[in-house]
Amino acid sequence: SPVLEGGLRLAAQLFLREDEDEVTLPIDLPDLPPAPQPEEGVQDGENVPADVPVGERLDRLRSDGWAVLHDVPLSRQGDVVQHLLIGPGGIYALTVHVHLGADVQVDRRSLYVNHRTVPYLRDARLQAQRLERVLGAASSSFVSVRAVVVVHTGALAAPRVTKMPDDALVLGRTDIPGVFRRLPRRLTDDDVAMLTATATRKETWTEQ
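Worth saying up front: this structure is predicted, and the values here are computed from it rather than measured.

A. Molecular detail of the side chain of H83. As for its placement among the helices and strands, H83 is situated in strand β2 (residues 80–87). A residue is classified by how much of its surface remains accessible, and H83, at 7% relative accessible area, is buried. At 2.8 Å, the side chain of H83 forms a polar contact with the side chain of H70. Residues in contact with H83, not counting those within four places in the same chain, are V54, G55, L58, L69, H70, Y92, A93, L94 and V96.

B. Spotlight on the packing of aromatic side chains. Under the definition given, this model contains three aromatic pairs. With a centroid separation of 6.2 Å and an interplanar angle of 45 degrees, the aromatic rings of W66 and Y92 are classed as tilted. Linking W66 in the loop between α2 (54–59) and β1 (67–73) with Y92 in strand β3 (residues 90–98), this pair joins segments that are 26 residues apart in sequence. As far as the burial class goes, W66 and Y92 line up, both buried. Taken together, a centroid distance of 6.0 Å and an interplanar angle of 70 degrees make the contact between W66 and F180 edge-to-face. Linking W66 in the loop between α2 and β1 with F180 in helix α4 (residues 178–181), this pair joins segments that are 114 residues apart in sequence. When its relative accessible area of 6% is taken as the criterion, W66 is described as buried.

C. Summary view of the pairing of β2. For β2, the buried fraction is high: seven of the eight residues fall into the buried class. Across six bridges, β1 lies against β2 in antiparallel orientation. Bridge pairing links A67 to I86 in β2. As paired elements, β2 and β3 share five bridges and run antiparallel to each other. Note on β3: the bridge partner recorded for I86 is I91. Two successive antiparallel strands, β2 and β3, enclose a turn made up of two residues.

What counts and what doesn't
- Residues numbered from 1 in each chain as written.
- Predicted model: local features only at pLDDT ≥ 70, side-chain atom pairs only at ≥ 80, totals over all residues.
- Heavy atoms only, no water.
- Helix = DSSP H or I, 4+ residues; strand = E, 2+ residues; numbered from the N terminus.
- Buried < 20%, exposed > 50% of the residue type's maximum accessible area, 1.4 Å probe, protein only.
- Polar contact = N/O pair within 3.5 Å; in protein donor to acceptor, adjacent residues only side chain to side chain.
- Contact = heavy atoms within 4.5 Å.
- Phe/Tyr/Trp six-rings, centres within 6.5 Å; stacked < 30°, edge-to-face > 60°.
- Pairing = 2+ DSSP bridges.

Any functional reading would require information beyond the geometric quantities listed.
Here's what the structure looks like:
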C-alpha cells in the first residue's frame, strides 16, 4: 500500500543508523484508509495508465536520455534520496508523499495539506542543497539540483498552485513523466554521462 511508504522509509533509515536486526514499522494498521482502486481507462496525456507508481513513471524517461536512480544513500547515517533524475533538463531530487483524498495547495513559500502547513518543501530544499554539495565535490564541478515534491492524493488533478516556488517543483503523480520531457535542455550528453557515473559510484556517498 502506498500509504505505508513514508513510514517504511523512516523505519529503514532507523534500521541502517542503529544497526538493528530487524526493521520495525510503528503504524496502526486498522486506522489505514482503504487502498485506492485504479481508474480504468484514464490516461495522463503521456499514454501512461493513471495507477502507475511514481518510480515506474520516472523509469520511462530513460529512453529520453535521463538517468533514473532510486533510493540513493545520501550518507552513511541512513538518509536516502527517494528518486534522483539526471538528464538533459538538469538534476532533480524527488520526494513522494501520499495523502489520499486530501486538499493540497502550494504557494511560493509553503505547501498545505488540508489547510495545514507541512514541512515538505523545506525538507526537499535542504536535501537538494546537500546533493549539490556532495555531487559537486565528487565531480569537481558546479552542480545545481532542484527539489521536487510529488504529492499523491489518489486523484488525477495536480496540487492547486497559487505560485510555484522559485527553487522547487510541486507535482501530482500524473504530471510525471511529461513535465520532465518538456523541460529545456540544461545539460549536455557528456555532462549527463559524467554526473551519472559520479552518482552511481558508491564512494560518492560513503565518503561523506
